[in-house]
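Read off the chains here:
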Amino acid sequence: MLPLFRKYFKRRPPENTKEETENNIKRYTADMPPENKPKISYYICFRSFLTAGTNLTPVEQSNQTITGTTATATTTARISRSNFSKTTTSSLFPSTQFTNHESLPSMSDAFSIFLSVFPQYGGTQMADSIRHLQYSHLSTHACFDYSGIGLFSHSQMDSDSVTTSTSTDTVPPSCLKPPFFEIAYKSASLRSQVQSRDKDTNLEGEIRKRIMKLLSISDEEYSMVCTANRTTAFRLLAESYSFKPKIKLLTVYDYESEAVTSMIETAQKKGADVATANFKWPGLRINTMKLRKKLTERKKKKGLFVFPLISRMTGTRYPYLWMKLAQDHGWHIALDACALGPKDMDSLGLSLIQPDFIICNFFKVFGENPSGFAGLFVKKPSCEVLERSSIARSIGIVSIVPARRFSNIGEDYSGTNLEASQPLSIRNEEEEDLETTSSFSGPIGARNRENRSQELGEVSKISEEERTQEIEIEQEIRMEINCHGLDHAHALGLVLISTRLRCITNWLVVALSKLRHPNSTNGYYLVRIYGPKVKFDHGPALAFNIFDWKGEKIDPSLVQKLGDRSGISLCCGFLKNILFENAHQGEEKNVLEKKEGDANDVGISVVNVSFGFLSSFEDAYKLWVFIAKFLDADFLEKERWRYMALNQKMVEI
């Protein structure tokens, strides 16, 4: 990253003390009007903008001038972050190794130690109150397998949280109740959807407004298109983007993603040149030299740069400046924000770096209902690079419509009648896009329209006149849906959520590193963590593996199954694109493994945990206790016999 810093920043002056730095900042801002005077925290936090984002609003970020004093403050911030790592590592269970799960401290004792090291966690009690009152189901289950943004609360799903008002007395009131909405597939191109955003259904329009407000995305600058899921959003973008020979697709992922794989395969079919970043072993940091070379190649035609600000698997955060560098060299930017928290977009500073595309993922209830949809945000000027594709029409654009069984907008109301969501003028622009059709069971192509009556059953018997009446009724009803999940995230804010997750994640990293097999001749540690260890800007995710006393890895799928039995939901993943250089050359034989079903794909299968703003210390402690059980050599054998008794598939380790 050194070349990037040299390009965008002046040479750093000699280091000052903290007091000298603050005095310099005060002198620099002394003559500024009060309304324009920046906060000192801006300068102190500037390095976090370079590495992981700041807590500043886009206005604050865009109105400040970077000076030599800022560079000095950056050094101070670097020292503070280094001190955080040292203090955390040395203060949690110093000179202690746990070789038996029964020797772990109790929950209350561990929490006391936790608060002594992270006193700032005490200021996040508001999150605990929300969790206790609104998400009671989390008291018996620890969820580490959710990634995205929750729309509703658990308690909300048991009550009617939708209010409506009608424009006429003849229109029946809406009786929407949980699950509030369904998704209705429709045949439409991405470009036409971006151009027809003003024709959303009322329910979809309300949800879209709530989401864009939470994410601080301007409705004037971006259009939001709903897709069935994250994979669909990636594939839809790849099918719609103007990929062709000599146009590139460059991705930055240290793990295997079904969504990214789908995008790559689609781009390759269209003739695009596909490349990916590499990650250096053992820290799994981006190989900056190679990535910078790929971004700055002197070629007129560039392409699409797909960039996540954080690794969903390892929790590694990546600098914003990669997007800036790519933009300066003619790339279109697709920001994968699916692994970001609900308020992390506040730190993005879209006024400075505006990606052409943003992809987010939404689910209904954290820890209970993962169903939902994905949002593909398209910057309006970037719509010009989207092609009209007949294939894209069948991929999975959806409308958000009222749940049929809870709506009395006509007994036969169906979300299949959504033609009005696309203006006729736009439909006529595409010869192949004759009509917008949809179905709750999946996309319907235009050539299958003759079979719709058989596929949709009674729904297809509704007359065209009745369909028109239903659409008019749904459009006249003004729906106001309360998304308590979004409200809770907004109430907590970026600073509180970031503080909470920073404390929990780093505590778990240290706690796992303290587990060691007893009587092991080689002193094998129970857990190996991949990616960053203790770090101030560690993302809310961990990738790790568990090893037995012989040093052999325990199959992550077995760990996941045993976790489910203990009330802990875990994920499995596959790390890839790993580069072994210098002193680590030759280690790949002992580290990498062939992926099951694809001998040409090598990487590392891992256990993955992700934290959300509703995660608590109790969840992390419960996970720690569960993993510590693997210190018992008989634990696995006992579970194997239980699997056999239940006639379940055995997992060899």
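Residues numbered from 1 in each chain as written. Predicted model: local features only at pLDDT ≥ 70, side-chain atom pairs only at ≥ 80, totals over all residues. Heavy atoms only, no water.

Engineer: So what's going on with the packing of aromatic side chains? Residues and values would help.
Structural biologist: According to the stated counting rule, one finds 34 aromatic pairs in the structure shown. An angle of 45° between the planes, with centres 5.3 Å apart, marks the rings of Phe111 and Phe617 as tilted. In this pair, Phe111 is assigned in helix H7 (residues 107-117) and Phe617 in helix H21 (residues 617-628), connecting sequence segments 506 residues apart. Residue Phe617 is classed as buried on the basis of its relative accessible area, which comes to 2%. Centre to centre, the rings of Phe626 and Phe630 are 5.6 Å apart; their planes meet at 85°, and the pair counts as edge-to-face. Look at Phe626 and you get buried, because its relative accessible area is 3%. Looking at Phe630, the relative accessible area reads 4%, which means it is buried. Within the aromatic cluster, the residues linked to one another by ring pairs are Phe84, Phe93, Phe98, Phe111, Phe114, Phe118, Tyr121, Trp507, Phe536, Phe617, Tyr621 and Trp624. Stacked on the ring of Phe536, the Lys or Arg Arg502 has its end atom at 3.9 Å from the ring centre. (Phe/Tyr/Trp six-rings, centres within 6.5 Å; stacked < 30°, edge-to-face > 60°. Helix = DSSP H or I, 4+ residues; strand = E, 2+ residues; numbered from the N terminus. Buried < 20%, exposed > 50% of the residue type's maximum accessible area, 1.4 Å probe, protein only. Lys NZ or Arg CZ within 6 Å of the ring centre and 35° of its normal.)

Engineer: So what about helix H8 (residues 125-134)? Which residues, and what values?
Structural biologist: What H8 keeps buried is the set Ala127, Ile130 and Arg131. The arc that holds every buried residue of H8, seen down its axis, measures 100°, which confines them to one face. Exposed and facing more than 90 degrees away from the buried side of H8 are Gln125, His132 and Leu133. Looking at the packing, one finds that the buried side of H8 touches helix H18 (484-513) and H21. (Arc of directions from axis to C-beta. Contact = heavy atoms within 4.5 Å.)

Engineer: Tell me about the environment of Met345, residues and numbers included.
Structural biologist: Topologically, Met345 is positioned in the loop between strand E11 (332-336) and strand E12 (357-365). A relative accessible area of 3% means that Met345 is categorised as buried. Considered as a pair, Met345 and Leu215 are 130 residues apart in the sequence and their alpha carbons are 5.4 Å apart. Among residues more than four places away in sequence, those in contact with Met345 are Leu215, Ile217, Ala337, Leu340 and Ile358.

Engineer: Quick rundown of the sheet that holds strand E9 (residues 285-286)? Include the residues and the values.
Structural biologist: Spatial ordering of the open sheet is given by E9-E8-E21, a layout of three strands whose pairing is mixed. Pairing within the sheet leaves two strands with one partner each, and these edge strands are E9 and strand E21 (578-579). Examined bridge by bridge, strand E8 (residues 279-280) and E21 share two bridges and lie parallel to one another. Bridge pairing in E21 links Phe279 to Ile578. (Pairing = 2+ DSSP bridges.)

Engineer: I'd like to hear about the environment of Glu480, residue by residue, with values.
Structural biologist: Mapping Glu480 onto the fold places it in strand E16 (residues 477-481). We classify Glu480 as partly exposed; its relative accessible area is 29%. The sequence separation of Glu480 and Gly205 amounts to 275 residues, and the corresponding C-alpha distance is 9.7 Å.

Engineer: I'd like a description of the pattern of salt bridges, backed by residues and values.
Structural biologist: Evaluation of the coordinates by the stated rule reveals 14 salt bridges. With its nearest N and O atoms 2.7 Å apart, the salt bridge here joins Arg230 to Asp336. On the criterion of sequence distance, the pair formed by Arg230 in helix H11 (residues 230-240) and Asp336 in strand E11 is long-range, its members being 106 residues apart. Accessibility expressed as a relative area gives 16% for Arg230, which makes it buried. For Asp336, a relative accessible area of 4% puts it in the buried group. Note that Lys379 is salt-bridged to Asp356, the shortest N-O span being 4.0 Å. Highlighted residues: Lys379 in strand E13 (residues 369-379) and Asp356 in the loop between E11 and E12, separated in sequence by 23 residues. Using a relative accessible area of 15% as the deciding quantity, one classes Lys379 as buried. (Salt bridge = Lys/Arg side-chain N within 4 Å of Asp/Glu carboxyl O.)

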